[in-house]
Amino acid sequence: MTFARRLARFALDNNSLDGLPPEVVEPSKEMMVNAAAVALAAAAQPECRAVTKFVQDMQGNGRCTIIGMGLRTSPTYAALVNGMMVRLLDFDDEIAPRNVHPSAAVFPAVMALGEMFGCAGRDVLTAYVLGCEIVSKLARVSEQGSTAGNPVAAVAGATVAAGLLLKLDAEQMENALGIAGGEGGMATAAGVAPALQCGRAAMNGVIAAMLAHTSDQWTVASGHSDHRPTDADDWVEIFFESLARPFDVVDPGVTLKLYPCATASHTTIEALLQLVQQYQVGPGQVAAVHVAVAPESLQRMPFPTPSDNWQARYCLSYIAAATLLHGHPLIDHFSEGAIQDPEVRRAMDLVTVEGTETASRLMPNPSVVTLTLDDGRRLRHRVDYARGYPEFPLAREELDAKFLYCSRYILPADHIEEAIDSLRNLENIENVTGMASVLGG
């Protein structure tokens with residue numbers, strides 16, 4: 001049996017919300033709330049407006065909402081723009097051990113097709129859960145030597161989720177995965193490119209599923225999806241044996257970010273915030289900041305000095321300096337103007353970063369921050385888990401506050417409340433078209 005046929009069979013055999021564990025369904029709905037929030041925040045960014053203009057110029061008319069733009073387009077273009085918006089600000093969910101952001105590809109795909117065809121909320125939610133699981137588990141085996149890198153994982157998850165909503169049978173789902181199998185490429189670690197890549201993954205998943213749905217002329221395309229396992233293909237068996245055993249949103253768990261920057265930096269942010277708050281330290285009192293993290297954390301934040309606002313999200317010295325000056329990092333702290341602020345640049349000169357801590361599976365991003373004050377005092381604090389990590393999940397009120405922060409200039413107050421409530425009660429909605437429309441602004 002081909003890889004694609006086995007994957008199609010898994011999706012179809014598990015395509016029932018009643019068969020999904022509650023401990024998977026509830027965090028998945030919170031992930032969808034989070035994805036909608038961060039997409040709304042990104043709607044104000046010029047990069048997203050540029051892609052939206054491109055869609056309009058291509059005469060992308062249709063019935064599907066572009067989040068936060070007050071516009072409608074085709075399901076493919078809606079998936080493209082919304083996927084980019086979910087990922088752009090590095091504020092979306094992450095399965096950190098897999099280095100993957102499943103909602104950026106899967107959420108736009110299920111929302112576009114759900115709105116297009118008036119799908120029931122429980123079907124949208126089920127497709128989303130299974131799509132995210134496939135994205136994360138494929139990303140896992142890519143770490144073990146397979147050729148199924150994260151871009152391909154994202155397209156596969158989006159394709160399966162889209163195929164479930166289009167009610168593809170096993171052969172059609174196999175064909176859809178084959179059509180999508182050649183998609184995926186490599187993008188830089190920071191900037192617009194990886195966000196656009198997520199949008200393309202969502203769009204390509206929708207395209208592949210719709211082509212397989214509308215025509216019997218498609219056969220399985222080349223790529224990983226028509227691969228037949230051999231004895232050397234241990235990663236294939238590892239992948240299928242691991243699917244839903246347990247779901248990755250349960251173990252290793254999902255991170256819903258409190259700060260719009262690299263997840264590995266969040267323990268440093270919180271160690272610094274706690275020192276400043278506990279000892280009532282002002283920026284002018286600090287003579288030096290020493291940050292110790294694991295070498296693996298530094299690999300995820302490769303920029304010693306940011307040359308633009310995208311690199312700033314992956315520059316630990318900048319993040320520490322901005323936190324010292326401003327407190328809780330916000331989206332505006334990663335603008336071009338913010339990173340050129342002379343005060344931030346001076347604060348960065350005080351920061352020393354070293355990769356001297358030891359990471360483990362239980363504590364992947366430990367951080368120790370030491371402040372040396374002008375009066376000679378040395379203040380030290382260690383944080384192993386930041387807010388939003390699976391070990392320290394956001395309370396519902398915190399996620400609500402994040403949604404309000406992200407959407408306050410886009411949606412009226414009653415629409416904000418309606419959007420949150422609808423996503424949290426998704427399984428009870430008969431037709432998601434109205435819910436999706438609310439997110440348009």
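Everything in this summary refers to the structure shown in the same document.

Scoring rules and cut-offs
Residues numbered from 1 in each chain as written. Predicted model: local features only at pLDDT ≥ 70, side-chain atom pairs only at ≥ 80, totals over all residues. Heavy atoms only, no water. Helix = DSSP H or I, 4+ residues; strand = E, 2+ residues; numbered from the N terminus. Rg over C-alpha atoms; globule rule 2.2 N^0.38 Å. Buried < 20%, exposed > 50% of the residue type's maximum accessible area, 1.4 Å probe, protein only. Contact = heavy atoms within 4.5 Å. Areas by Shrake-Rupley, 256 points an atom, 1.4 Å probe, with all protein chains shown as cover. Lys, Arg positive; Asp, Glu negative; His and termini not counted. Charge placed at Lys NZ, Arg CZ, Asp CG, Glu CD. 1 Å grid on protein atoms, 1.4 Å probe; cavity = no way out; pocket = protein on both sides within 12 Å on 5 of 7 lines; lining within 4 Å. Points joined across faces, edges and corners; volume = space filled by probe spheres on them. Nonpolar A, V, L, I, M, F, W, Y, C, P; charged D, E, K, R; others polar. Polar contact = N/O pair within 3.5 Å; in protein donor to acceptor, adjacent residues only side chain to side chain. Patch = residues over 30% accessible without salt bridge, like charges linked within 9 Å, V, L, I, M, F, W, Y side chains within 5 Å. Salt bridge = Lys/Arg side-chain N within 4 Å of Asp/Glu carboxyl O. Core = buried A, V, L, I, M, F, W, Y, C linked by side-chain atoms within 4.5 Å. Axes fitted to C-alpha atoms, helices over the stretch in contact; angles between N-to-C directions. Left-handed = near helix turned anticlockwise from the far one by under 90°. Arc of directions from axis to C-beta. Pairing = 2+ DSSP bridges. Phe/Tyr/Trp six-rings, centres within 6.5 Å; stacked < 30°, edge-to-face > 60°. Lys NZ or Arg CZ within 6 Å of the ring centre and 35° of its normal. Expected span 1.5 Å × (residues − 1).

**As for the overall build of the chain**
- The helix and strand inventory of the chain stands at 20 helices and six strands.
- Relative to the compact-globule value of 22 Å for 441 residues, the chain shows a C-alpha radius of gyration of 22 Å, a close match.
- For the chain, the proportion of its 441 residues judged to be buried stands at 58%.
- Put simply, 74% of the contacts in the chain that link residues at least 6 apart link residues at least 24 apart.
- In the form shown here, the chain has an accessible surface area of approximately 17,200 Å², with 51% of it arising from carbon and sulfur atoms.
- Seen as two clouds, the 32 positive and the 51 negative side-chain charges of the chain have centres 1 Å apart.

**Focus: empty space enclosed by the protein**
- Under the defined criterion, the tally for this structure stands at two cavities of 30 Å³ or more.
- Quantified by volume, the second largest cavity comes out at close to 60 Å³.
- Taken together, Thr65, Ile67, Asn82, Phe107, Met111, Ala112, Glu115, Ala436 and Leu439 make up the full set of residues lining the second largest cavity.
- Examining the composition of the lining of the second largest cavity, we find that four residues originate from one element, helix α5 (residues 103-117), more than from any other.
- Classifying every residue of the lining of the second largest cavity by side-chain character gives six nonpolar, two polar and one charged.

**Topic: the environment of Asp93**
- Mapped onto the fold, Asp93 is located in the loop between α4 (75-88) and α5.
- Here the alpha-carbon distance between Asp93 and Thr263, two residues 170 residues apart in the chain, equals 9.6 Å.
- Within the structure, Asp93 has its side chain in polar contact with the side chain of Ser103 (distance 2.4 Å).

**Looking at the layout of surface pockets**
- Taken as a whole, the second largest pocket spans an internal volume of roughly 230 Å³.
- Residue lining of the second largest pocket: 15 residues in total, with Pro27, Val254, Leu256, Pro393 and Leu394 positioned closest to the centre.
- Elements with a minimum of two residues in the lining of the second largest pocket: α2 (22-42), α11 (249-253) and α18 (396-407).
- Each residue belonging to the lining of the second largest pocket can be placed in one class, and the counts come to 11 nonpolar, two polar and two charged.

**Describing a negative patch on the surface**
- On the surface, Asp414, Glu417, Glu418 and Asp421 cluster together into a patch of negative charge.
- Its place among the elements puts Asp414 in helix α19 (residues 413-424).

**Brief notes about the nonpolar core**
- Within the largest apolar cluster, 153 residues are counted, with the highest numbers of intra-cluster contacts made by Met85, Phe107, Val110, Tyr318 and Phe403.
- With 13 residues, the top contributor of residues to this core is α2.
- Among residues more than four places away in sequence, those in contact with Met85 are Val38, Ala39, Ala42, Ala43, Cys48, Ile66, Ile67 and Met69.

**Overview of the packing of helix α6 (residues 121-142) against helix α10 (residues 234-242)**
- Relative to each other, α6 and α10 sit at 145°, their axes nearing to 10 Å. When the axes of α6 and α10 are compared, the crossing they make is right-handed. Between α6 and α10, the contacting residues are Glu133, Ile134, Lys137, Leu138, Arg140 and Val141 on the first element and Trp235, Ile238, Phe239 and Ser242 on the second.
- Looking at the contact of α6 with α10, its residues break down into six nonpolar, one polar and three charged.

**Some remarks on the pattern of salt bridges**
- The tally for this structure, following the rule as stated, stands at 22 salt bridges.
- Across the salt bridge formed by Arg361 and Asp251, the nearest N and O atoms sit 3.2 Å from each other. In this pair, Arg361 is assigned in the loop between β4 (351-354) and β5 (367-373) and Asp251 in helix α11, connecting sequence segments 110 residues apart.
- Residue Asp251 is classed as partly exposed on the basis of its relative accessible area, which comes to 36%.
- One network of salt bridges, with partners in common, ties together Arg87, Asp90, Asp92, Glu94 and Lys257.

**Some thoughts on helix α1 (residues 3-13)**
- Here α1 has its buried residues at Phe3, Ala4, Leu7, Ala8, Phe10 and Ala11. Buried residues of α1 fall within an arc of 160° about the axis and therefore sit on the same side.
- Residues of α1 that are buried make contact with α6, α7 (150-165), α8 (170-180) and α10.

**Observations regarding the sheet that holds β4**
- Read from one edge of the open sheet, four strands run β4-β3-β5-β6, paired in mixed fashion. Edge strands, defined here as strands with exactly one partner in the open sheet, are β4 and β6 (378-383). When strand polarity is set aside, the average angle formed by the axes of neighbouring strands in this sheet is 15°.
- Relative to β5, strand β3 (residues 286-293) runs antiparallel, the two being bridged by seven bridges. Within β5, the position partnered with Val291 by the bridge is Val369.

**A short note on the environment of Gln277**
- Locating Gln277 in the fold gives a position in helix α12 (residues 266-279).
- Counting along the chain gives 193 residues from Gln277 to Met84, while the straight-line C-alpha distance between them is 36 Å.

**Some details on the packing of aromatic side chains**
- By the definition in use, this model includes six aromatic pairs.
- One aromatic cluster is present, built from ring pairs that chain together Phe3, Trp235, Phe239 and Phe240.
- It is Arg387 that lies over the ring of Phe392; its NZ or CZ is 4.1 Å from the centre.

**Things to note about the side chain of Asp93**
- One buried charged residue, Asp93, remains without a salt bridge, the closest side chain of opposite sign being Lys402 at 8.4 Å.
- Those residues within four positions of Asp93 in sequence are excluded, and the remaining contacts are Met31, Asn34, Val100, His101, Pro102, Ser103, Tyr128, Val254, Thr255 and Leu256.

**Here's the deal with α19**
- For α19, which comprises 12 residues, the first-to-last C-alpha distance of 17 Å matches the rise-based estimate of 16 Å (1.5 Å per residue) to within 8%.
- Listed in full, the buried residues belonging to α19 are Ile416, Ala419, Ile420, Ser422, Leu423 and Arg424.
- Turning to α19, the residues buried within the fold contact α2, α5, α18 and α20 (433-438).

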